[in-house]
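Residue-level structure breakdown
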Amino acid sequence: MVETPGEPEELPPVDSWINKLDFRSTAEVKIPERLVDQVIGQEHAVEVIRKASEQKRHVMLIGDPGTGKSMLARSMTEMLPRDDLQDIIVYHNPEDPNEPKIRVVPSGKGREIVNAQKAEAMQRREQKASMVMTIVFFIIGLSVILAYDWGAPTPSFRTDAPNIILFGILVAAIIYIATRYTTHRQENLMVPKLLVNHTPDEMPPFIDATGSHAGALLGDVKHDPFQSGGLETPAHERVEAGAIHKAHKGVLFVDEINVLRMESQQSLLTAMQEKKFSIVGQSERSSGAMVKTEAVPCDFILVAAGNLDAVAGMHPALRSRIRGYGYEIYMKSTMLDTDENRLKLVRFVAQEVAKDRKIPHFDRSAVLEILREAQRRAGRRGQLTLRLRELGGLIRVAGDIAQEEGSPLVTAKDVLNAKRIARSLEQQVADRMIERGKEYQTFITEGAIVGMVNGLAVLVGDNSIAEFSGIVLPIAAEVTPAQAKQGGRIIATGRLGEIAKEAVENVAALIKKYTGEDISNHDIHVQFVGSREGTEGDSASISVATAVISALEEVPVNQTVAMTGSLSVRGQVLPVGGVTAKIEAAAELGLKKVVIPRANMKDVLLEDKYQGKIEIVPVDTLSEVLEEALVGPKKSGLISKLAALIPKMTGDKPGPSAVPH
């Protein structure tokens, strides 16, 4: 989500802005003590979290990964009262062993009660053991006495003395074993089990139940291999608390809420409504399946999180419960590039260093590079990224490099090296594709060819990654006479997705409009060259249209030009995503000019090494694209024909401007 309440105030470049700050390293930057005050750029979410903590409301946080959802959830525990914490104890039920009793006591009292019961049981056990040993020694002594022949002139053992003594020892052993086991079992039944334990001054619990199975989330009863014959473990000792019970009087955090099974979500809803939930055996094959405790308290605040697609996978009643008794928040992924927000990012660097505890602090030049990267990753001029987990990863890699070299502070050089080392998998794959393209000359970057255009795309492997990875995607077109009587077709190859297929089909209307020809007499073949992993999206629309028009009119396309942009059915060039990565990929391959939608000019934030390396031409219509891309003697005739066929758009247009960084 992007803030758009008007244009942000124009600030000086970060290079000059940071010189106004009075600090030499992030060691001098003050970090707020409370976690909620360390959250950056999510002011609305922080305000809601404060209200939710005060009123004990449930919250759903939806947004891109790394925008601070778990940090916000964890910060709620700082605002909850500590004196409400309770210990939960489970007792043996003599009336029904399969329904253990539950007792709730103030925090810190549970361990005292259990320890006192253990000490009392130990004392009784020792007393009974002492009595048993007395009986054992008495029986053995009696057998020895009986083994003597007291009527003989000289007392001596009888001939059957060994049998008598052995019998006495056997009886003593049987009594010892029988009484020891039964005594031990009876004492275990009397000792309760501490399910949930707190100390009096402890923070309210924060329990992360992300991806938990049913037993871990809702509690379980362990399997007992000795299920009968007096050898079984008492049912209350096999009861295990679930995350919902451990979060009692605290916060239960579930990220990617949609991955929980529907049954678990339904049970979670019941626990939220009743604020208590009995623990049962989750495995139907286990001996614990028959055990069901009394209702165990679970008065927690649920913080459910996920990406936008997580909402579709939620149980409707669970979401309704959150909406009816709490808040839904959509996290921002960027914030305005203001003086205040830049200062917050400086503080963020200090926070990450303090949190890691293994890397040196950053000097002024290193912080400057982090600010530049925050601008680049936002993808728009006047914005700063809030995908702070990925930015934090860059900070830690830079710190590791400085630590390895023994530097007291992280410098700009370390950050630049970290950017080179810590490239995403998609970026590394894109680099490999460009290298292979140069080696095998699958890209044509000079001269002019009919029906061949250097399109631009981004490599997307995981939408949790903020950085785009640009690639050059050659697109070839060929026009042949129609093979079918009912008319020509557009045949596109390259494992296209649905949006890409529709974009190619929409080009047909534009081709007829721009060439004046009836394309029903032709089959148009469009190939996305080297698209092994498939192509999706409509950002290649102007490339496809240019390639097809070039093939129809036999007008060559300048191969030093690359292009990206979507097309409306009226020929307007619409903005697309990832333009900076696409331009850098074109520059890396040695192309001289790139055509982009005019609306995307504010999104271009090139690295220093690409400045002046490639010309950027903004366009509004397909006519302007053809003007920039086509070459040769037939170009002027085609452009004249287009001018006659299509009324020129009116209105003032801003001219090309220098590309910022």
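Conventions used here
- Residues numbered from 1 in each chain as written.
- Predicted model: local features only at pLDDT ≥ 70, side-chain atom pairs only at ≥ 80, totals over all residues.
- Heavy atoms only, no water.
- Pairing = 2+ DSSP bridges.
- Helix = DSSP H or I, 4+ residues; strand = E, 2+ residues; numbered from the N terminus.
- Axes fitted to C-alpha atoms, helices over the stretch in contact; angles between N-to-C directions.
- Contact = heavy atoms within 4.5 Å.
- Polar contact = N/O pair within 3.5 Å; in protein donor to acceptor, adjacent residues only side chain to side chain.
- Salt bridge = Lys/Arg side-chain N within 4 Å of Asp/Glu carboxyl O.
- Buried < 20%, exposed > 50% of the residue type's maximum accessible area, 1.4 Å probe, protein only.
- Phe/Tyr/Trp six-rings, centres within 6.5 Å; stacked < 30°, edge-to-face > 60°.
- Lys NZ or Arg CZ within 6 Å of the ring centre and 35° of its normal.
- pLDDT = per-residue confidence, 0-100.
- Left-handed = near helix turned anticlockwise from the far one by under 90°.
- Nonpolar A, V, L, I, M, F, W, Y, C, P; charged D, E, K, R; others polar.

Quick look at the sheet that holds strand E3 (residues 101-106) now. An order of E3-E2-E6 is seen for the 3 strands of this open sheet, with the pairing classed as antiparallel. A single partner strand is all that each edge strand has here, and the edge strands are E3 and strand E6 (193-196). Ignoring which end each strand starts from, the neighbouring axes of this sheet average 35 degrees apart. Of the pairings in the sheet, the one linking strand E2 (residues 86-91) to E3 comprises 6 bridges and is antiparallel in character. Paired with valine 90 across the two strands is isoleucine 102, which belongs to E3. Helix-sheet contacts for helix H4 (residues 109-146) involve E2, E3 and E6, and the interaxial angle to E2 is about 30 degrees.

Moving on to the sheet that holds strand E20 (residues 452-459). With mixed pairing, 7 strands are arranged side by side in an open sheet as E22-E23-E21-E20-E25-E28-E29. Pairing within the sheet leaves two strands with one partner each, and these edge strands are strand E22 (490-493) and strand E29 (615-619). Each adjacent strand pair in this sheet contributes to an overall mean axis angle of 30 degrees, direction not counted. Where strand E25 (residues 561-563) and strand E28 (residues 593-597) come together, 3 bridges link them in parallel fashion. Looking at E28, one finds that alanine 562 is bridged to valine 594. The sheet strands contacting helix H17 (residues 579-589) are E20, strand E21 (469-481), E25, E28 and E29, and the helix crosses E21 at an angle near 80 degrees. Strands E25, E28 and E29 of the sheet are contacted by helix H18 (residues 622-629), whose axis makes an angle of about 150 degrees with E29.

Within the secondary structure, aspartate 363 is located in the loop between strand E16 (361-362) and helix H11 (364-378). Separated by 2.9 Å, the side chains of aspartate 363 and serine 365 make a polar contact. Within polar-contact distance, the side chain of aspartate 363 engages the backbone nitrogen of alanine 366 at 2.9 Å. With residues up to four places along the chain from it excluded, the contact list for aspartate 363 reads Arg24, Ser25, Leu409, Val410, Thr411 and Ala412.

Scanning the model with the defined rule gives 36 salt bridges in all. A salt bridge links arginine 376 to glutamate 607, with the shortest nitrogen-to-oxygen separation between them at 3.5 Å. Of the two residues, arginine 376 is situated in helix H11 and glutamate 607 in the loop between E28 and E29; the sequence distance between them amounts to 231 residues. On the basis of relative accessible area, arginine 376 is assigned to the partly exposed category, the value being 21%.

Let us now look at the packing of aromatic side chains. Counted under the stated rule, the structure contains 1 aromatic pair. Pairing phenylalanine 206 with phenylalanine 253 gives two aromatic rings, centres 5.9 Å apart and planes at 25 degrees, and the pair type is stacked. Of this pair, phenylalanine 206 sits in strand E7 (residues 206-208) while phenylalanine 253 sits in strand E10 (residues 251-254), and the two are 47 residues apart along the sequence. Its relative accessible area of 16% is what places phenylalanine 206 among the buried residues. Look at phenylalanine 253 and you get buried, because its relative accessible area is 2%. Sitting above the plane of the tryptophan 17 ring, arginine 342 keeps its charged end 5.4 Å from the centroid.

Moving on, we come to unusual backbone geometry. Within the chain, lysine 56 stands out as a residue other than glycine whose phi angle is a positive 55 degrees. Position of lysine 56 relative to the elements: it lies in the loop between helix H2 (43-55) and strand E1 (58-62). Given the relative accessible area of 39%, lysine 56 is considered partly exposed. Of note in this structure, lysine 249 is not a glycine but carries a positive phi near 70 degrees. Following the sequence through the fold, lysine 249 ends up in the loop between helix H7 (243-246) and E10. A relative accessible area of 21% places lysine 249 in the partly exposed class.

What follows covers the confidence of the model for the protein. Per-residue confidence for the protein averages 84 on the pLDDT scale, and 86% of its residues sit at or above 70. The low-confidence segment residues 1-8, where pLDDT is below 50, has 15 contacts with residues more than four positions distant or belonging to other chains. Segment residues 648-661 is flagged for pLDDT under 50; beyond a separation of four residues in sequence, or across chains, it makes 27 contacts in the model.

The next thing to look at is the packing of H11 against helix H12 (residues 388-405). Remark: H11 packs on H12, axes separated minimally by 11 Å, with the N-to-C direction vectors making an angle of 150 degrees. Of the two elements, H11 crosses H12, and the hand of that crossing is right-handed. Along its contact with H11, which presents Ile370, Glu373, Ala374 and Arg377, the element H12 presents Glu390, Leu391, Leu394 and Ile395. A breakdown of the residues in the contact of H11 with H12 according to their chemical character gives 5 nonpolar, no polar and 3 charged.

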